[in-house]
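Working through the structure, step by step
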Amino acid sequence: VLSVVDHSAVIEITNIAHIGEALKISFSPGGAGYILTHSGNLADTFVELPSAGYDKVNTFTIPVGALNLEKGFFRVEKTP
C-alpha cells in the first residue's frame, strides 16, 4: 500500500513498476525534498526507508532485495 503525505500540495502517484531488480515509484509534481517511508502496519511509526534511492526529480527506486517483507506500507512524504 502506498500513500502520499504533503498537506501543502496535491501529489499523484503516476507509476509503480517492477523493472529488473528494482521497484520504481514515480509521483507528480516531484522535486527536491521528498522521502519514502515504511511501516509494518498503519499503527506503527513510519520511518525513512534507507534503501530507497531518489532521483530528486520524481522517482524512488527500491532494490527488490529490500522489499523482502511479510507486509508493509509505504508513504511519499515531504521532508520536514
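Residues numbered from 1 in each chain as written. Predicted model: local features only at pLDDT ≥ 70, side-chain atom pairs only at ≥ 80, totals over all residues. Heavy atoms only, no water.

Attention shifts here to the overall build of the protein chain. Per the secondary structure count, the protein chain includes 0 helices and 8 strands. Beginning at the N terminus, the succession of helices and strands in the protein chain can be written as β-β-β-β-β-β-β-β. Across the 80 residues of the protein chain, 34% fall into the buried class. In the protein chain, once contacts between residues fewer than 6 apart in sequence are set aside, the share between residues at least 24 apart is 60%. Carbon together with sulfur atoms contributes 55% to the accessible area of the protein chain, which is approximately 4,900 Å² in total. (Helix = DSSP H or I, 4+ residues; strand = E, 2+ residues; numbered from the N terminus. Buried < 20%, exposed > 50% of the residue type's maximum accessible area, 1.4 Å probe, protein only. Contact = heavy atoms within 4.5 Å. Areas by Shrake-Rupley, 256 points an atom, 1.4 Å probe, with all protein chains shown as cover.)

On to the environment of Val 76, then. Following the sequence through the fold, Val 76 ends up in strand β8 (residues 73–78). Spatially, the C-alpha atoms of Val 76 and Ile 35 are 5.8 Å apart, while their sequence positions differ by 41 residues.

A few words on the environment of Ala 52. The topology assignment puts Ala 52 in the loop between β5 (47–48) and β6 (53–54). Residue Ala 52 is classed as buried on the basis of its relative accessible area of 18%. In this structure, the C-alpha to C-alpha distance between Ala 52 and Leu 36, residues 16 residues apart in sequence, is 6.7 Å. If sequence neighbours within four positions are ignored, Ala 52 has contacts with Leu 36, Phe 60, Thr 61 and Ile 62.

Glancing now at unusual backbone geometry. Note the cis peptide between Ser 28 and Pro 29, where omega equals 20 degrees. In this fold, Pro 29 is placed in the loop between β3 (22–28) and β4 (34–39). Unusually for a residue other than glycine, Lys 56 sits at a positive phi of about 65 degrees. Topologically, Lys 56 is positioned in the loop between β6 and β7 (59–63).

On their own, these measurements won't tell you what the molecule is for.
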